[in-house]
Amino acid sequence: MTPAGAARESPPLGLILPFFLTAPLGLVAAGIMLVLADADAMTAVNTPELLAATHAAVLGWLSLSIMGAVFQLGPVLFSGRLLPAFAIRAQLVLHVAGVSLMVGAFGWWRTGALAAGGTLTASSFVLFVLNAAFAIRWFARGSLVRNYVSIGLGFLSATAALGLSYAFALYQGWFPLTSGRVAAHAHLGLAGFLGIVIMGVSYQLVPMFQLSPHAEPRFARVVLPWMAVSVVMFAAIMWTDPPPAVRVLAAGLIASGAAMWTYDVSWLIRRRAKRSFDIQGRSTLISLAFLTAAVVVGVLAASGQPAALAVEHQRLQLSYGLLLVGGWAGATLLGNSFKIVPFLVWNGRFRERAGREPVPTLAQLLHGRLAHVTLYCLAAAVLVGASSASIGWLPGLRLAGAMLSTAGTLQFLSLLLVAMRHPATNVVAGAPAKGIPT
Amino acid sequence: MNSTMVADALKDVVDPELGINIVALGLLYGVDVQDRTLSVRMTMTTPGCPMAAAIAQMTAARLNTIAEGRDVQIEVVEDPPWSVAMLDDGARKQLGLG
């Protein structure tokens, strides 16, 4: 391996960083929408504010983070290549414009603007899937992680197509949008796209960051087909608005896949060599706790009969959504962003100096305390929001919204501070030139 | 120049993620010093490590400062895979392994 050859493997900092810096703004917007929620939010999950918040979080915050991660990790892990820079930049612009329009259209219920925003966002996803296919060398064989990401991209395509048809259905009155059909779309996106991609990437990143053994976890090859089939079955079943027993059965299949993956990741963490947890490790632990809670609440919500718990059905759905989107996917991607962005900045600005002069470690590029405050703020927001939703306490939901916006702002600031680190402002004077840094 | 001198020099190369030098981590598998070449065989802590290219580049940069005109060659291998047993005492302490 030559240094010149190695240098070609990572995409330019300026190309990928904007995805990570823009992503937290989606969380800020989602939080604001929850602050604006009215009492209807406690009786239905498809109110304008909740739909706006969900799409701001999923399409803005989480999807932009995944896009940045795929563009960064794809060429490095799979020796893939990216489309020309202008296509990546155009995709980001399309995505931000489309999602902003969609969130506004949901919030103020303008179906024409929703169709327009949906079209822009779907166009962005087409470009992303095309780009990602090259980045991960979609059709190459031999990588478990690539299989997860590839299948996840397939679900993204299905979710976007269905979502766009829903947007036009609302605008043109093509067909009624029942709660089952909304659930089908939501789970194609959450469990199919986000879930499968996060699960696959975690099989790579958790052992890498925690120094776990190279042995493959027990269910790593089972989870992907299990999740893929379960999500397709769930979406198909929910389209018909089935009775509770069928919903629970379908939800139970997805929950089983999530349980197997949780077992695997817990196994990797238990066998780690790096005993003390950093921000990514803590994020992973918190995300696993939220996933476990989301699975329990989700199955209860699917039963449609949580009356025994004195909780209304729709409130549990909202609670489930907060736990899954903000708690599991959010905490996971937040933790990973605090690893990937320092890596990007280090690779772009410090790598050429490394080996010849002292350079900071990745941890030294990140303001650790601010990153941890961000994580705990997000976790607290999800706890407050999910609890408040389940008991129907609107002020609590609004408080959670304010906390989510704060977490998004803190994440943005944390990543911006990393992005501003430059060799000229290197403050690690005293970093030893030899041996283990202190 | 001998292998020990090369290994000493490579203690300057610190894994940016872990903050521990590559010798203490046990990433260095072998050193071969010849009249015209300086070859290093090394591994990474995990297969497909995104830091692999950067660490190899850092290693090459450090070796070039001591190569005395030799051609520097670096081979990154995944077999045998890295394991915790390859850590030295300092690295074990740094990672909290006692």
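Since the structure is predicted, the reported quantities are computational estimates derived from the model, not experimental observations.

Conventions adopted
Residues numbered from 1 in each chain as written. Chains lettered and ligands numbered in written order. Predicted model: local features only at pLDDT ≥ 70, side-chain atom pairs only at ≥ 80, totals over all residues. Heavy atoms only, no water. Helix = DSSP H or I, 4+ residues; strand = E, 2+ residues; numbered from the N terminus. Rg over C-alpha atoms; globule rule 2.2 N^0.38 Å. Buried < 20%, exposed > 50% of the residue type's maximum accessible area, 1.4 Å probe, protein only. Contact = heavy atoms within 4.5 Å. Areas by Shrake-Rupley, 256 points an atom, 1.4 Å probe, with all protein chains shown as cover. Lys, Arg positive; Asp, Glu negative; His and termini not counted. Charge placed at Lys NZ, Arg CZ, Asp CG, Glu CD. Pairing = 2+ DSSP bridges. Axes fitted to C-alpha atoms, helices over the stretch in contact; angles between N-to-C directions. Parallel < 35°, antiparallel > 145°, perpendicular 65-115°, else oblique. Left-handed = near helix turned anticlockwise from the far one by under 90°. Nonpolar A, V, L, I, M, F, W, Y, C, P; charged D, E, K, R; others polar. Buried area = accessible area lost by both parts, 1.4 Å probe. Salt bridge = Lys/Arg side-chain N within 4 Å of Asp/Glu carboxyl O. pLDDT = per-residue confidence, 0-100.

Draft legend 1. Just the overall build of chain A, in detail. Helix and strand counts for chain A come out as 14 helices and zero strands. Along chain A, helices and strands appear, N-terminal first, in the series α-α-α-α-α-α-α-α-α-α-α-α-α-α. In summary, chain A has a C-alpha radius of gyration of 21 Å against a globular reference of 22 Å for 438 residues, a match within 12%. Relative to its full complement of 438 residues, chain A shows a buried share of 59%. A sequence separation of at least 24 residues applies to 80% of the contacts in chain A between residues at least 6 apart. Carbon and sulfur atoms provide 68% of the accessible area of chain A, an area that totals close to 16700 Å². Distance between charge centres in chain A, computed from 27 positive and 11 negative side chains, equals 11 Å.

Draft legend 2. How the structure looks around the sheet that holds strand E3 (residues 71-76) of chain B. Residue and element names in this part refer to chain B. In space, the three strands of this open sheet follow the order E1-E2-E3, with mixed pairing throughout. Each of the sheet's edge strands pairs with one partner strand only, and the pair in question is strand E1 (28-33) and E3. Across the sheet, the axes of successive neighbouring strands diverge by a mean angle of 15 degrees, strand direction being ignored. Strand direction decides the pairing type here: strand E2 (residues 37-42) and E3, joined by six bridges, are parallel.

Draft legend 3. View of the side chain of A:Ser319. Residue and element names in this part refer to chain A. Along the chain, serine 319 falls in helix H11 (residues 313-350). Judged by its relative accessible area of 4%, serine 319 is buried. Each residue touching serine 319, except ones within four places of it in the same chain, is listed here: Val297, Ala386, Ala389 and Ser390.

Draft legend 4. Structural view of the packing of helix H2 (residues 13-35) of chain A against helix H14 (residues 394-419) of chain A. Residues and elements named next belong to chain A. Where H2 contacts H14, the axes come no closer than 7 Å and their chain directions differ by 165 degrees. Judged on the interaxial angle alone, H14 and H2 are roughly antiparallel. Considering only the axes of H2 and H14, their crossing is left-handed. For the contact of H2 with H14, a count of residues per class yields 18 nonpolar, six polar and one charged.

Draft legend 5. Up close: the interface of chain B and chain A. The interface of chain B with chain A comprises 37 residues on the first partner and 34 residues on the second. Counting the surface lost from both chain B and chain A, the interface buries some 3000 Å², and carbon and sulfur atoms represent 65% of this. In terms of surface lost to chain A, no three residues of chain B exceed B:Glu17, B:Pro50 and B:Gln57, which account for 22% of the buried area on that side. At the surface where chain B touches chain A, the tally comes to two salt bridges. With its nearest N and O atoms 2.6 Å apart, the salt bridge here joins B:Glu17 to A:Lys339.

Draft legend 6. Region of the structure containing the packing of helix H13 (residues 368-391) of chain A against H14(A). All names here are of chain A. Look at H13 against H14: their axes get within 8 Å of each other, and the N-to-C directions meet at 160 degrees. As summarised for this structure, H13 and H14 are arranged roughly antiparallel, according to the angle between their axes. In terms of crossing hand, the pair formed by H13 and H14 is left-handed. Class assignment of the residues belonging to the contact of H13 with H14 gives a composition of 17 nonpolar, seven polar and no charged.

Draft legend 7. Geometry of the confidence of the model for chain B. Averaged over chain B, the pLDDT score is 91; the fraction of residues at 70 or greater is 99%. On the interface metric, ipTM, the complex scores 0.88, and its pTM is 0.91.

Draft legend 8. Structural detail: unusual backbone geometry. Cis geometry is adopted by the peptide bond preceding B:Pro80, which originates at B:Asp79 and carries an omega value of 0 degrees. By secondary structure assignment, the location of B:Pro80 is in the loop between E3 and helix H4 (89-94). One non-glycine residue, A:Trp109, lies in positive phi territory at about 45 degrees. Relative to the elements of secondary structure, A:Trp109 occurs in the loop between helix H4 (85-107) and helix H5 (111-135). For A:Trp109, a relative accessible area of 37% translates into the label partly exposed. Positioned with a positive phi, A:Leu211 is a non-glycine residue whose angle comes to about 55 degrees. Mapping A:Leu211 onto the fold places it in the loop between helix H7 (179-210) and helix H8 (220-239).

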